[in-house]
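Notes for the structure review
In case you want the letters, here they are:
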Amino acid sequence: MFIYPSSKNRPYHFGLYPMEVLARDDALAAAEIALPKAKRVAKPKPKTLYGTAVRRYRDLFAALAQDREARAKAPLLDDLERRLVDIKGLSCFLNAAQIGVCEIPENAWLQGVKSKTRHSHAIVVLIEHGRLPESDNLASGWIEGAVDETGDMRATEIAVCIARHIRFMGFKARADVPGSEQLEHERLSVLAGLNVRQGDGLVNPFIENGFSLAVIATDYELPVDRPLSPKALSKKNSLHYWWGIKGARSGAEWNRRDKRDTHLSAYPMEIVKRVDEPTTLILEDEVPRVSKRAAFFERAVRGDLGEKTKAKRLSFSTKHPVSAAMQNMIASMVPHQEMPVEDKADLSGLSDAEANSKAVKSLSYFLGSDLTGICEIPRYAWASHNVDGSEIEPKHRYAIVMLIDQEFDTMEGASGDDWISGAQSMRGYLRGAEIAGIMGETLAGMGMSSRTHTQMDSLVLHIPLLLWAGLGELSRIGELVLNPLVGPRFKSVVLTTDLPMVPDKPIDFGLQYFCDNCWKCARECPCDAIPWGDKVMFNGYEIWKPDVERCARYRLTNSKGSACGRCMKTCPLNKVIDSDGPIFQRMASYLGIKAFWLKPIMVPLAAWLDDVVGNGKRNPVKKWWFDHEMVDDVTVEPAGTNQRDIDPTHKIDPAKQKMATYNANMMPPPDHVEPYPVNRKEALVATTVLETPAQARARKLRGGRVPIHYIPTKLMGKAGAKKEAVKQWYEDVK
Ligand code: SF4
Ligand code: SF4
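Definitions and limits used
- Residues numbered from 1 in each chain as written.
- Chains lettered and ligands numbered in written order.
- Predicted model: local features only at pLDDT ≥ 70, side-chain atom pairs only at ≥ 80, totals over all residues.
- Heavy atoms only, no water.
- Domains from an automatic or database assignment.
- Contact = heavy atoms within 4.5 Å.
- Buried area = accessible area lost by both parts, 1.4 Å probe.
- Salt bridge = Lys/Arg side-chain N within 4 Å of Asp/Glu carboxyl O.
- Polar contact = N/O pair within 3.5 Å; in protein donor to acceptor, adjacent residues only side chain to side chain.
- Helix = DSSP H or I, 4+ residues; strand = E, 2+ residues; numbered from the N terminus.
- Nonpolar A, V, L, I, M, F, W, Y, C, P; charged D, E, K, R; others polar.
- Pairing = 2+ DSSP bridges.
- Axes fitted to C-alpha atoms, helices over the stretch in contact; angles between N-to-C directions.

Take the domain arrangement of the chain next. What the domain assignment reports for the chain is domain 1 (12–237 + 248–259) and domain 2 (269–578 + 588–733). Each partner contributes to the interface: domain 1 provides 51 residues, whereas domain 2 provides 55 residues. Between domain 1 and domain 2 lies a buried interface of about 4600 Å² when both sides are counted; carbon and sulfur atoms form 68% of it. For the domain 1 face of the interface with domain 2, the top three residues by lost area are Tyr12, Phe93 and Trp142, together amounting to 18%. The residue Glu441 makes a salt bridge to Arg56 at a minimum N-O spacing of 2.9 Å. Run the count over domain 1 and domain 2 and you get 18 residue pairs in polar contact (both at pLDDT 80 or more). Secondary-structure elements contributing two or more residues to the side of domain 1 that touches domain 2 are helix H2 (49–62), helix H3 (80–93), helix H4 (138–143), helix H5 (147–168) and helix H8 (251–259). For the side of domain 1 that touches domain 2, the element with the most residues is H5, which contributes 10 residues. Residues belonging to the side of domain 1 that touches domain 2 are distributed by class as follows: 32 nonpolar, six polar and 13 charged.

Note on placement: Asp304 falls in the loop between helix H9 (296–302) and helix H10 (307–315). In this structure the side chain of Asp304 is engaged in a polar contact, spanning 2.8 Å, whose partner is the side chain of Arg299. Polar side-chain contacts of Asp304 include one of 2.7 Å to the backbone nitrogen of Tyr676. Apart from residues no more than four positions distant in its own chain, Asp304 is found in contact with Arg293, Arg299, Pro668, Glu674, Pro675, Tyr676, Pro677 and Val678.

Reading across the sheet, the four strands line up as S7-S8-S12-S9 and stay open at both edges, with antiparallel pairing between neighbours. Only two strands of the sheet have a single neighbouring strand rather than two, namely strand S7 (371–376) and strand S9 (450–453). Recorded for the sheet is a direction-independent mean angle of 20° between the axes of neighbouring strands. Two elements, S7 and strand S8 (residues 398–405), share six bridges in a ladder whose sense is antiparallel. Within S8, the residue paired with Thr372 across the bridge is Met402. This element, helix H12 (residues 353–367), spans S7 and S8 of the sheet and lies at about 145° to S7. Across the face of the sheet, helix H14 (residues 421–445) comes into contact with S8, S9 and strand S12 (490–497) while running at roughly 15° to S12.

Dropping the structure here:
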């Protein structure tokens with residue numbers, strides 16, 4: 001086993017490739033600038049179902065490429081180098097492979113572009129194409145001819161997001177994206193030090209030809225990069241690169257990823273033990289279906305948590321310019337979550353469940369999912385009523401469940417509840433909606449009914465699906481499934497469909513034992529919403545039941561940051577597990593997953609050691625974002641920023657921890673328009689009547705009745721007029 005240079009000290013905005021060590025040559029700029037002006041060349045329309053879906057998503061994002069800047073400039077922007085850290089950091093956060101900056105020469109504007117729309121600087125974003133499925137994989141045929149189109153869509157997504165971020169900071173910026181170019185991207189990529197000219201084409205020192213480009217044209221001044229020397233092209237063959245340069249991802253790790261079958265993720269989930277049922281008890285015949293009106297963020301928007309929380313809920317996702325940048329992009333995808341099914345399609349090519357499973361997994365990884373699992377959808381995973389009070393009919397048999405890693409390094413630089421926290425969630429929502437949306441539209445076009453379920457609009461509960469699809473176990477954090485390889489730091493998206501597939505099985509990596517002997521998330525939660533005590537039965541699930549009301553209030557009203565994810569950030573299982581990780585960490589993770597017999601020694605040791613080495617503290621090298629807040633569409637300096645690291649002294653006696661539980665019988669009626677205030681006093685009492693898992697098992701054996709608090713609150717009454725009122729109210733709020 002090799003020991004690679006640690007990435008701990010690598011500044012985040014340097015990215016995954018060691019671009020900073022490449023040879024540069026200033027003399028090449030003049031020749032590049034002198035090249036004659038190019039003509040616009042329109043790309044043809046895609047001919048395949050998949051290509052058409054990708055083009056639709058590209059165009060959805062491109063519609064937001066240009067707009068007015070905020071009416072005032074953001075503070076703290078005097079230092080140009082610091083600006084660069086923010087802009088390059090954001091592109092890395094959004095998974096650009098490389099990013100460069102240059103001034104825009106006159107010749108880089110395409111013919112016919114008016115001078116009054118021109119800007120001084122170009123930020124050039126380079127996206128690496130995904131791994132192509134093997135030729136005998138069905139997805140290979142689906143994707144054929146649309147690899148560039150996919151890269152263009154991803155480049156557009158990133159460029160639009162960066163341009164919006166700059167505009168929210170008060171500067172002009174236009175995302176110059178494939179399909180509506182005003183600039184010559186190839187020339188700018190050379191000037192910005194990303195590519196080298198070779199014959200008629202461009203070559204990238206690490207990616208060679210498999211990339212797409214987009215540009216942000218802006219008057220937001222930034223330090224510029226220098227053109228690469230042709231000598232830079234030899235770096236990829238060096239032992240130094242193979243070994244890892246200055247904490248960049250090593251050539252060996254890139255190679256390991258490239259060699260895996262495309263239906264497998266980058267993470268070795270195949271080493272994790274599979275079991276027939278989730279490791280936490282689910283009383284399948286007792287779990288009630290609950291309405292979307294009962295979710296706490298929905299309750300907040302209706303005013304159930306009071307007027308202050310309601311107001312904060314409405315501005316929650318636009319609190320920081322980075323999350324605000326993603327908000328409308330996410331919203332633009334919602335109307336496309338369920339596309340018309342092609343009813344004349346020939347379905348004979350989709351009858352092999354095993355081949356279909358492989359294909360959808362490969363497609364999901366090609367589009368950027370980090371982990372994908374498949375399960376049959378249990379009845380109780382469908383919500384009972386939509387937000388407008390209408391009943392939800394379960395309609396599909398299978399769920400494709402996908403995880404988007406919230407990204408280790410940014411979490412490493414953050415406290416978990418400072419100003420970037422909300423944007424980490426939004427990035428997961430954006431990417432998830434895009435991946436599932438494109439897959440769903442492709443399947444619908446093939447004649448397979450499908451629907452995407454995103455954070456903005458989901459008809460299913462994700463947690464049981466994550467468990468059944470074998471993507472994790474329930475953790476002490478409560479309503480959070482934890483994966484053995486990416487830990488708790490992910491967002492999920494679900495695509496339900498009737499495409500025949502082979503379900504995955506649930507997993508067991510001993511998390512119940514780990515969380516039984518570790519309390520770090522409970523200790524580090526800023527509002528003590530995570531239980532220090534044992535698991536209970538909540539609505540038919542065995543769970544460490546968090547105080548969801550307290551967590552929701554904190555996330556929504558956090559005045560020194562945006563949202564919160566401290567439980568994820570500080571969990572000892574929040575790690576990067578790849579061949580570049582520290583050798584000790586890799587061995588510990590492997591043993592943690594495989595060697596159950598070692599757990600009594602390993603778990604207390606790992607929990608103790610995690611604190612000793614300072615895990616969970618902020619790593620300033622990884623901080624790239626500005627501590628900014630958006631108020632009334634203007635970016636300002638916030639009144640404060642949470643500065644938390646870890647506090648090993650904090651402890652609560654479980655017997656004294658006051659936890660509120662809102663059982664199914666305390667939920668608001670599914671069609672309740674007016675505020676339905678939470679009753680915390682009653683919810684504190686409700687916690688005391690919860691069964692333990694052992695009591696629930698014993699009751700079932702005796703043939704005892706379903707607890708009364710599992711019975712959900714009924715509809716208000718005569719539906720018709722009421723439902724219309726709810727629908728209208730909801731439309732107004734949206
Ligand atoms: Fe606590 Fe924050 Fe986690 Fe909620 S998100 S449980 S407030 S640490
Ligand atoms: Fe479990 Fe500890 Fe992680 Fe909490 S911090 S989820 S107790 S492993």
